[in-house]
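So you can see what is in the structure, the chains are spelled out below.
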Amino acid sequence: MAEYDLTALMAAQLDRHLVFPLLEFLQEQQLYPDGEILEAKIRLLNGTNMVDYAMDIHKSLHGTEDVPADMVARRSEVLARLKSLDAAAAPIVAFLQNPQLVQELRPDKQYNIHMLQERFQIGPDQIEALYQYAKFQFECGNYSGAADYLYQYRALCTNSERSVSALWGKLAAEILMQNWDVALEELNRLKEIIDSKNFSSPLNQLQNRIWLMHWALFIFFNHENGRNGIIDLFFQDRYLNAIQTNAPHLLRYLATAVVVNKRRRNMLKELIKVIQQEQHSYKDPITEFLECLYVNYDFDGAQQKLLQCEQVILNDPFLGKRIQEGNFITVPLRDEFLENARLFIFETYCRIHRCIDISMLAGKLNMNYDETESWIMNLVKSSKLDARIDSVSGTLIMTTTPVNVHEQIIENLKGLNMRTDMLAKNIVEPAQAAQQAAR
Amino acid sequence: MKTATKHPALARVSSGILSRPNSPDLAAAAAAPELQSLGPVGVKEQPLTMSSSRFWTQGDSDSEEEEEELESEQGSDSDDNGGHDDGKRSKVQNRYLRTEDDDSDESDSGHRVVRSLRDKRNEEMKSIVDQMRNAMKINDWVSLQESFEKLNKHLEKVARVNESTEVPRMYIKALVLLEDFLAEALANKRKMSSSNSKAFNAMRQKLKKNNKQYEDQIQKCREHPESFEEDNADGKDADEDEEEDEDSDAEIEDPEKIAADSDEGEESGEDEPWVKKLTKKDKLMDKQLLKDPSEITWDIVDKKLKEIVASRGKKGTGRIERVEQLTFLTRVAKTPAQKLEILFHVISAQFDVNPSLLGHMPVNVWKKCVDNMLLVLDILQQYPNIVVDTTVEPDEKETQKGADYNGTIHVTGDLVAFLERLDSEFFKTLQCTDPYTKDYVLRLRDEPLFLVVAQNVQDYLERIGNLKAAAKVALRRVELVYYKPQEVYDAMRKLAEQTEDSGEDGDAEAGDEHQAVDDNRGPPPFVVIPEVVPRKPTFPDSGRVMMDGLMSLIYKYGDERTKARAMLCDIYHHAISDEFAVARDLLLMSHLQDGVQLMDISSQILFNRVMAQLGLCAFKAGLITEAHGCLTELYSTGRVKELLAQGVQQSRYHEKTPEQERLERRRQMPYHMHINLELLEATHLICAMLIEVPNMAASTYDKRRPMSKTFRRLLEVSERQTFVGPPENVRDHVMAATRALNKGDHQKAFSVISSLEIWKLLRNKEHVLEMLKLRIKEEALRTYLFSYSSCYESLSLGQLTTMFDLSESHVHGVVSKMMIQEELHASWDQPTSCIVFHSVDQTRLQGLLFQMADKLSVLVESNERAYEAKTGGTLEGVPPRRRGDGQDSSNFGKWQENFVSSQGRQGGNRSGYSGGRGGGSGQGGGYQRNDRGSQGSRGGYGGSRFQDGRGRNQSGSSSRGGDGIARMVSLNRAVRV
């Protein structure tokens, strides 16, 4: 299943720290040899300040207690830098740690800066130091500290560029701390900025959007309202364009979200259009499943793809999230996906059939006969399906009631009368009122 | 031979003049016989003298000149004696007088006389004066007037021949005569005919005007009639004397200036005028004379250059001569900068060789021009301190700075302009050459030559950091490569390598020869430039790589037009490499089709070519609708040839002015760039057939808008034919296939189509035909079902598979699709695997009613929209209801719903399947359209996410993908001239 693994594509658009969860997941899945993943982790860590962690991994990878000299050197370097930054940011950190003083800050930035300068001798240099300090904390893996500092920094800073990068940092920190609600807020804030800001080039903006979408995946597949969120965000024209231009692999997540989300069924058609357009640049079992079902009406093909889909979902870090309930480990998304996909197949199948053999249906749905029968019964009972089961011959017979043409025409015309009436009234009334006023 | 010996200076001068083929004097001389023929004297010998004088200069000029040399000394001696002394003058004149008589004697006796041009002129003048005298005698003012005018005209010629401003005395005398006669006539007031009196009056006025100019001389003449009284020859002779004076003066001065050549001091005197009257021979001599390089200074060369440059466009300067002169100058240039400057002039002079816009530069000149360009690049490479630009006005003496000068030297010139001109000349040659001749192929072989120059120029520009210009050059290179499929590209590469191999020897030899010739002809060049710039092009392995490299440069630095063109070329190249998806994405993302109307015509043509190629590419990939979308607009006007600039189409209704025709001819694509029109037409028609035939079968009642009007029209025409013969051209074939397909006979349809010749043009013929076969079967199946479904209660899958030779799953897929899209009112009976048809077909009346309902709802909607637009507000009461409906249909819960509602036709939902919600979802569809229209005016209303989503969906999808494709051929209205 490694061929459907998107980690390499995703990692390019993510922050270093955000790649860790993905690697952790891969390690659990055993898709790749352990050594390779550990190697990748060390390489990843080399860019950060989490030297101790890197050392641990190194030890476990090579099974030795020795640590390469450069790592040791780097460690001391990091510590030295930490100290210097600590010192530089000390005044403002001290100020911020005093809740009473923080109370005195007002929404007015100019006032705050002025006040800090006057009373605490905290000038732009210290504020800048705060930013550096926060960044350093983030690099060290101290996400909560970084998030706090960055929050404060945003309240104080006047440089909009810096403010945006602080926001990115905050978002990453919140994601890594799994504060999904806060992260979602930050995400929306960032999105507003990206959409409203004048970028130097459209290309830059596009890149920002793509980053945002990738980062958002963490939130959307963990937050309870994320499934609506992902559809809302990704189907926005500009974001859909971005997906089509530079990141078609995101279609997997969009497709999954649409399939899983019962209330957004109406997006399916547009999704399929996009999938068809992009089929030359990206395809995986999930998109192919939809294509089989809604473009080619190839039910057997859809069936096979569905089997592959399950594997893809299980091996995807975002989709294959596991939840432990007692002794069972379930992958909720997989179950939902399969259920809905089954329903899709069945729906489409029923629409073009008058009479279906239930045992055949059972095969198509990957269920046994009795299960299928009760499943269908439930559908019929909840009046979702207009059909009857012929138990003797083991078939499902759809009841089709051809529409009366007269009714149909009358139905079509019914609204028109009322609407025209309304229109006329709306036009005449003001005119009459004007006449009366004239009199 | 006396004349010749007697007037050596004169003879020499005139010989020089005559030797210029294009000189106006010669033309005048050629015209002379006509004039002469009126006169009584010298009618017969005139042509003789003409030819003889020409012969004289060409043939034995050497001996002649020697004689001249001898004589000139005598002549100058005599001049010294006679020219300045009035007293002795008459004696000298008498001598000439006598010779003149001798001459005339000789001519009378029919001997061949060699006379100089000046003699001739004077004689002509004399004859005219004689004519005038005769006319006076009979008082014929009409002919007098004519003669007078002729005389005036002739005066100019004579003045030119004599090269003096002095008016011949003969002329003045004639004027005096005329004046007297006029006064006399005025006094006498003789009776005259009306025409005569008219001429008389006109003459009187003209003479008055004319005489004002010569008042002095006339006065003089009246005072000393005796000095004018002598025979006409006097005037001439006097002139000659003066002339000789001048010449001898020059001779005396010039040798001082350039005294290097002791043996040919005479000739060196002509250093100044040699430029003007250079024959090949003369030039050769000049080169010899300049053998000693030390004698030539920068100033001399510079002066000469300016002179030659100033002569540009003047009458009588031969274009080819100019090039030769300049080329010679490049050899004697003193500094590299000067050499460069002269080379620039050479190149532009070479471009001047062909003056007309329609014709093209001669091929050999073009090649020389290429060499010169390379030489220029060599110099630039060798001396990096020389900067070529157009912005800085260079110093007078800028080019005097030698090779060892350290600072930058500015030379005016524009390499890019030269290169572009070179390219367009190459293009023009190909346009003008008959593509079926060998010339064309030979010419095509020169392409690598140009690519070398372009590559080097681009390299140079990149080196000096002028990336904008480099982008322009890159575009030129792209435009030579973009239409070449990989095979052709490989061939070009191989050719370039071959020419390099064989050219190595050939070139070397030629070079040696060249060198040898040069050595013979003149001094070796002062500034020797080694060949630093590579002389053979380097090609990447595949055209794609080359394109990519050039593209990235252009996208980064090119201006708008360059980028747009490059983008089109890129798309074209992708399309011929069968990468439809890439090409389509590029086209859609670049939004080129929005602005194509505003582009220049050649870019529009390029765009049309891109669309055509994209269509072919889509067809090869089996994307019939896309292909049709690309091609249909090209064919909707019936002017494909014109739109693709592949030949001129004669239109019945539309006469073109010659101007337009000429313009159009200039835009034509060279043959090797053509897109095969037959293939294009076949592709278009087949696509139209595959789409249109089922469409026609489906809509027997309601006349749905035809997908392809062109195809429908053709079909109607072919159906009107009484007898249907075997198909001959592409169109016939497709029509025959259409007839077969209409009946559901896929085998015949395919065999007709596959019998077309053009398929062999395709690279993957087998594959395409296979695809075509499948598509034809599919469409045959669909057509069959549309046409005959009403006759069946049920149909088994097996029967269909055997009928149409398709696999079961394929048939199942096709039929299922039709059911889902409600094209077919039927459903499967799974256990027996057969199709059961529902008898939901409407009667005609019902169908019409549905149509009416549709139209009414459209009407109401447009009313509402108009109201909203007018008032800016919404219709109270209606929107909430609408919104409720919309949400209803989305929340319906019935799982069949949503898909159908978005797929079904808007407005009327005639499906037989899930009747309960037919109305609801139908309305939903209608509103959806409405929402989109009113979204702008209803800012605060968009509370419902669903509706917003809908509206957006629509606008979004129309800007992307399939719809976009259909939209994208919105071009070429502007192309029509």
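Looking up chain B in an unreviewed UniProt entry gives the name PCI domain-containing protein, with the organism given as Eragrostis curvula.

The name an unreviewed UniProt entry gives chain A is Eukaryotic translation initiation factor 3 subunit E, with Eragrostis curvula as the organism. Under the Subcellular location (unreviewed entry) heading, UniProt states for chain A: "Cytoplasm". In its Subunit (unreviewed entry) section, the UniProt entry covering chain A states "Component of the eukaryotic translation initiation factor 3 (eIF-3) complex."

Colleague: Explanation requested: the overall build of chain B in the structure shown.
Modeller: Looking only at helices and strands, one finds 45 helices and five strands in chain B. Residue burial in chain B is summarised as follows: out of 977 residues, 51% are buried. Taking as baseline every contact in chain B between residues at least 6 positions apart, the subset at least 24 positions apart corresponds to 71%. For chain B, the accessible area works out to roughly 46,700 Å², and carbon and sulfur atoms hold 51% of it.

Colleague: Even after reading the chapter, I still don't get a nonpolar patch on the surface, so can you show me in this structure?
Modeller: Taken together, the side chains of Met852(B), Leu856(B) and Leu859(B) make up a nonpolar region of the molecular surface, amounting to roughly 260 Å² of accessible area. The topology assignment puts Leu859(B) in helix 40 (residues 844–871).

Colleague: Explanation requested: the sheet that holds strand 3 (residues 353–357) of chain A in the structure shown.
Modeller: In a beta sheet, neighbouring strands pair by backbone hydrogen bonds and run either parallel or antiparallel. Across the sheet, six strands lie side by side as 4(A)-5(A)-3(A)-4(B)-5(B)-3(B); this open sheet has mixed pairing. What marks the edges here is a single partner per strand, and that holds for strand 4 (387–390) of chain A together with strand 3 (794–796) of chain B. The average undirected angle you get between the axes of adjacent strands in this sheet is 20 degrees. As judged from the four bridges shared by strand 4 (residues 826–829) of chain B and strand 5 (residues 834–837) of chain B, these two strands associate in the antiparallel manner. Paired with Ser827(B) across the bridge in strand 5 of chain B is Val836(B). Sheet strands in contact with helix 20 (residues 358–365) of chain A are strand 3, strand 4 and strand 5 (395–398) of chain A, and its direction is about 85 degrees off that of strand 3 of chain A.

Colleague: Just to check I follow, could you spell out the nonpolar core for this structure?
Modeller: Membership of the largest hydrophobic core comes to 310 residues, with the highest contact counts inside it found for Leu396(A), Trp759(B) and Leu772(B). Counting residues per element, this core draws most heavily on helix 33 (residues 677–698) of chain B, which supplies 13 residues. Leu772(B) has contacts with Phe619(B), Ile686(B), Leu690(B), Phe750(B), Ile753(B) and Trp759(B), leaving out every residue within four places of it along the chain. Counting 30 residues, the second largest nonpolar core, distinct from the first, contains Met136(B), Leu182(B), Ala185(B) and Ala199(B).

Colleague: Could you clarify how one ought to interpret the pattern of salt bridges in this entry?
Modeller: If the charged atoms of two oppositely charged side chains come close together, the side chains can form a pair. The final tally for this structure, using the stated rule, is 46 salt bridges over all chains. Here the salt bridges share partners, and the residues they tie into one network are Arg775(B), Glu778(B), Glu779(B), Arg782(B) and Glu823(B).

Colleague: Honestly, helix 34 (residues 709–720) of chain B in this entry has me stumped. Any pointers?
Modeller: For an α-helix, 3.6 residues make a turn, and residues three or four places apart therefore share a direction. All names here are of chain B. If you check helix 34, its first and last C-alpha atoms are 17 Å apart, about what 12 residues at 1.5 Å a residue would give, namely 16 Å. Along helix 34, the residues that are buried comprise Thr710, Phe711, Arg712, Leu714, Leu715 and Ser718. Those residues of helix 34 that are buried are in contact with helix 30 (624–636), helix 33 and helix 35 (730–742).

Colleague: Would you take a moment to explain the confidence of the model for chain B for this structure?
Modeller: The predicted structure's coordinates, where accompanied by low pLDDT, should not be read in detail. Residues and elements named next belong to chain B. In the predicted model, chain B carries a mean pLDDT of 68, and the fraction of residues at 70 or more is 61%. This model gives residues 1–110 a pLDDT under 50, and the stretch forms 124 contacts once residues within four places in sequence are excluded. Across residues 877–977, confidence stays below pLDDT 50; counting only partners more than four residues off in sequence or on other chains, it has 182 contacts. Interface scoring of the predicted complex returns ipTM 0.78; its pTM is 0.65.

Colleague: What is the right way to read the packing of aromatic side chains from this model?
Modeller: Given two aromatic rings, one states the distance between the centres and the angle between the planes to describe the pair. Applying the stated criterion across every chain, the model contains 24 aromatic pairs over all chains. Through a chain of ring-to-ring contacts, the aromatic side chains of Phe218(A), Phe221(A), Tyr253(A) and Phe318(A) assemble into a single cluster. One cation-aromatic arrangement involves Arg209(A) over Tyr239(A); the distance from NZ or CZ to the ring centre is 5.2 Å. Sitting above the plane of the Trp366(B) ring, Arg443(B) keeps its charged end 4.2 Å from the centroid.

Colleague: Explain the environment of Leu614(B) here, please?
Modeller: All names here are of chain B. Structurally, the position occupied by Leu614 is in helix 29 (residues 601–620). The class for Leu614 is buried, based on a relative accessible area of 0%. Taking the C-alpha atoms as reference points, Leu614 and Glu579, separated by 35 residues in sequence, lie 9.2 Å from one another.

Colleague: Please clarify how the pairing of strand 3 of chain A should be interpreted in this entry.
Modeller: Of the pairings in the sheet, the one linking strand 3 of chain A to strand 4 of chain B comprises two bridges and is parallel in character. Across the sheet, residue His353(A) finds its bridge partner in strand 4 of chain B, namely Trp828(B). Sheet topology note: the strand 3 of chain A/strand 5 of chain A ladder contains three bridges and is antiparallel. Within strand 5 of chain A, the residue paired with Cys355(A) across the bridge is Ile397(A).

Colleague: Is there a simple way to explain the side chain of Glu779(B) in this structure?
Modeller: All names here are of chain B. Here Glu779 lies in helix 37 (residues 765–788). The class of Glu779 is buried, set by a relative accessible area of 6%. Every residue in contact with Glu779, bar those within four places of it in the chain, is listed here: Leu690 and Pro694.

Colleague: Would you explain the state of the cysteines in this entry?
Modeller: Simply put, disulfide is the name for a covalent bond between the sulfur atoms of two cysteines. Applying the stated criterion to the full structure yields zero disulfides over all chains. Between Cys617(B), a free cysteine, and Cys630(B), which holds the nearest cysteine sulfur, the sulfur-to-sulfur gap is 8.9 Å.

Colleague: So what exactly am I meant to see when it comes to the packing of helix 12 (residues 202–220) of chain A against helix 13 (residues 226–234) of chain A here?
Modeller: Each pair of packed helices gets described by two things: the angle between the helix axes and the distance between those axes. All names here are of chain A. One way to put it is that helix 12 packs onto helix 13 with a least axis distance of 9 Å and a crossing angle of 160 degrees. The pairing of helix 12 with helix 13 is recorded here as roughly antiparallel in orientation. When the axes of helix 12 and helix 13 are compared, the crossing they make is left-handed. Residues Met213, Ala216, Leu217 and Phe220 of helix 12 form the contact with helix 13, whose own contacting residues are Gly226, Arg227, Gly229, Ile230, Leu233 and Phe234. Its residues placed into classes, the contact of helix 12 with helix 13 shows seven nonpolar, two polar and one charged.

Reading the values: the criteria
Residues numbered from 1 in each chain as written. Chains lettered and ligands numbered in written order. Predicted model: local features only at pLDDT ≥ 70, side-chain atom pairs only at ≥ 80, totals over all residues. Heavy atoms only, no water. UniProt positions renumbered as here; feature names shortened; annotations may be inferred. Helix = DSSP H or I, 4+ residues; strand = E, 2+ residues; numbered from the N terminus. Buried < 20%, exposed > 50% of the residue type's maximum accessible area, 1.4 Å probe, protein only. Contact = heavy atoms within 4.5 Å. Areas by Shrake-Rupley, 256 points an atom, 1.4 Å probe, with all protein chains shown as cover. Patch = residues over 30% accessible without salt bridge, like charges linked within 9 Å, V, L, I, M, F, W, Y side chains within 5 Å. Salt bridge = Lys/Arg side-chain N within 4 Å of Asp/Glu carboxyl O. Pairing = 2+ DSSP bridges. Axes fitted to C-alpha atoms, helices over the stretch in contact; angles between N-to-C directions. Core = buried A, V, L, I, M, F, W, Y, C linked by side-chain atoms within 4.5 Å. Expected span 1.5 Å × (residues − 1). pLDDT = per-residue confidence, 0-100. Phe/Tyr/Trp six-rings, centres within 6.5 Å; stacked < 30°, edge-to-face > 60°. Lys NZ or Arg CZ within 6 Å of the ring centre and 35° of its normal. Disulfide = S-S within 2.5 Å. Parallel < 35°, antiparallel > 145°, perpendicular 65-115°, else oblique. Left-handed = near helix turned anticlockwise from the far one by under 90°. Nonpolar A, V, L, I, M, F, W, Y, C, P; charged D, E, K, R; others polar.

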